[in-house]
Amino acid sequence: MNNTIASEFTPLIDAIETYLVGKRETIALSLATFFAGGHLLLEDIPGVGKTTLAKHLSQVLGLDFGRIQFTSDMLPSDILGVNYYNQKEGSFIFKKGPIFTSFLLADEINRSMPKTQSALLQAMEEGVISIDGTPYTLPKPFFVIGTQNPHEEVGTFPLPTSQLDRFMCSFGIGYPDRVSEREVLKGETGHSSTVSTTLLTAQQIETYMKQASEVTLSETLLDFLQEIIAYTRESGIFEYGLSTRGALSLTAMTKSWAMLQGRTYATADDLHAVTSVVCSHRLKFREGTTTAKRIHDEIFTHIRSDI
């Protein structure tokens, strides 16, 4: 990682890297997404550490962890909860679903039916669910890591673009490098089932989220940001450009990444660091394969900054 993580955040990354060796940038981007108040979509093959990342990130942050394994027969009520009639009390009682947690791992979200996907994604967007006309507020913070396999399989229902847009960032974890994988093979890394130590209090999390939102962007950097947004919409190489929500996500992630570097202002380097993970699930090339690296190279080859 070219950027230098501030000293107060280094222990968080160190603790998680014990279990996810050689993936410091992946861990840092996950933390930045959380502090930016967004949600994360992990798209990768099984067995590379998606669940390990989610579990230990929640433990380090000290957040209640919930997991839903999505299947094709799952109903919205299986996620949100249901009203049931209590004969003893003679009234309906709401039984909360697994979504009522601070940190939710939504595993293989593309295996569920569109109606069930929509129930989760609406809750992610609004932080409130409604059951039979009664609103219920979800915990704060509320952070979702969704996973899906990149290869289409029988029985999957790909998320439509409008719903993918609800995730602030998307990236894959990827295979470990040879040195890191050798550590894993020799058994020199932390066991994935071991509990990580909680390193942040609820007050500290709230403070860092506030600091991230208050990071300043200069007028020059805002010009650069708007040039990038305009390029995605006007160049004609993408099927569609960044939405307003996507533009806001790019802004929030730039701020949060700057905070992780220990700064109260953002730079062009921060924007470079997060653009591909914010855009990779939102932009699709009209021709050829869409990859995060190709998106990054395409944008920053044509849009240059002298700041």
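This is a predicted model, so every value here is computed, not measured.

Peer 1: Would you mind going over the sheet that holds strand E8 (residues 143-148) with me for this structure?
Peer 2: Across a sheet, strands are paired by hydrogen bonds formed along the backbone, either parallel or antiparallel in direction. Taken together, the five strands give an open sheet; going across it, the order is E2-E5-E8-E1-E9, and neighbouring strands pair in parallel fashion. Each of the sheet's edge strands pairs with one partner strand only, and the pair in question is strand E2 (65-69) and strand E9 (169-171). Sheet twist, expressed as the average angle between the axes of neighbouring strands with direction ignored, equals 15 degrees. By the bridge criterion, five bridges tie E2 to strand E5 (residues 103-107) in an arrangement that is parallel. Paired with Ile68 across the two strands is Ala106, which belongs to E5. Docked against the sheet, helix H2 (residues 24-35) engages strand E1 (40-43), E8 and E9, running at close to 165 degrees with respect to E9. Contacting E1, E2, E5 and E8, helix H3 (residues 50-61) crosses the sheet at an angle of about 175 degrees to E5.

Peer 1: Quick question: what am I supposed to make of the pattern of salt bridges here?
Peer 2: If the charged atoms of two oppositely charged side chains come close together, the side chains can form a pair. In the structure shown here, the tally under the stated rule is 10 salt bridges. Between Asp165 and Arg282 there is a salt bridge; the shortest N-O distance is 2.5 Å. Here Arg282 lies in the loop between helix H11 (268-279) and helix H12 (292-302) and Asp165 lies in the loop between helix H6 (161-164) and E9, a separation of 117 residues in the sequence. Residue Asp165 shares its accessibility class with Arg282, and that shared class is buried.

Conventions adopted
One numbering rule holds for all chains: residues counted from 1, following each sequence as written. Per-residue local features of the predicted model are confined to residues with pLDDT of at least 70, and side-chain atom pairs are confined, for both listing and counting, to 80 or more; whole-chain, interface and lining totals are unaffected and use all residues. Calculated side-chain values reflect all of the structure's heavy atoms, with hydrogen atoms and water omitted. Should DSSP find at least two bridges between two strands, the strands are regarded as paired. Counting from the N terminus, the helices are DSSP H or I runs at least four residues long and the strands are E runs at least two residues long. Helix axes use the C-alpha atoms of the stretch in contact, all axes being lines fitted to C-alpha atoms, and the angles between their N-to-C directions lie in the range 0 to 180 degrees. In what follows, residue pairs with any heavy atoms lying within 4.5 Å of each other are defined as contacts. Every case where a carboxyl oxygen of Asp or Glu lies within 4 Å of a side-chain nitrogen of Lys or Arg is listed as a salt bridge. Accessibility here uses a 1.4 Å probe with only protein chains present; expressed as a share of the type maximum, an area under 20% marks a residue as buried, one over 50% as exposed, and anything in between as partly exposed.

Interpretation note: all reported values are geometric properties and have no functional meaning in isolation.
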